[in-house]
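Summary of the model geometry
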Amino acid sequence: MEKKVLSLSNPEDMRLVVKRLIDYGFFNESKSLTDTAKHLYIDSKEEETVLKEVLGDAAKGGALKENAQEYTEA
């Protein structure tokens with residue numbers, strides 16, 4: 001089994017993580033950016049900025065719904 005180290009400051013890695021969260025059902029209930037960042041143990045502004053961008057992209061792509069900066073599964 002090959003192991004891969006993910007960097008949450010890398011947008012491609014963050015997309016993979018968010019996709020898995022969606023698949024797992026994390027967004028079945030509404031989650032804010034702060035909720036999601038806490039769940040991922042994000043404590044740097046750089047990683048939080050990448051997370052915000054990726055969540056926005058997921059909402060634009062139809063995988064998530066965004067309402068008042070809260071995200072739920074589409």
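Scroll up for the structure.
Procedures and definitions
Residues numbered from 1 in each chain as written. Predicted model: local features only at pLDDT ≥ 70, side-chain atom pairs only at ≥ 80, totals over all residues. Heavy atoms only, no water. Phe/Tyr/Trp six-rings, centres within 6.5 Å; stacked < 30°, edge-to-face > 60°. Lys NZ or Arg CZ within 6 Å of the ring centre and 35° of its normal. Core = buried A, V, L, I, M, F, W, Y, C linked by side-chain atoms within 4.5 Å. Buried < 20%, exposed > 50% of the residue type's maximum accessible area, 1.4 Å probe, protein only. Helix = DSSP H or I, 4+ residues; strand = E, 2+ residues; numbered from the N terminus. Contact = heavy atoms within 4.5 Å.

Quick word on the packing of aromatic side chains
Here the structure, examined in full by the defined rule, presents 1 aromatic pair. Both rings, one in Phe26 and one in Phe27, keep their centres 5.0 Å apart while their planes meet at 90°; by these two values the pair is edge-to-face. Its end group placed over the ring of Phe26, Lys31 keeps NZ or CZ at 5.1 Å from the ring centre.

Brief notes about the nonpolar core
The biggest cluster of nonpolar side chains holds 19 residues, and the ones touching the most others in it are Met14, Phe27, Leu40, Leu51 and Leu55. Going through the elements one at a time, α1 (11-24), α2 (33-39) and α3 (45-60) are the ones with two or more residues in this core. The contact partners of Phe27, leaving out residues within four places of it in the chain, are Leu21, Ile22, Thr36, Leu55, Leu64, Tyr71, Thr72 and Glu73.

Let's talk about the environment of Tyr71
Tracing the backbone shows Tyr71 in strand β3 (residues 70-73). Assessed through its relative accessible area of 4%, Tyr71 is described here as buried. The sequence separation of Tyr71 and Gly56 amounts to 15 residues, and the corresponding C-alpha distance is 9.0 Å.

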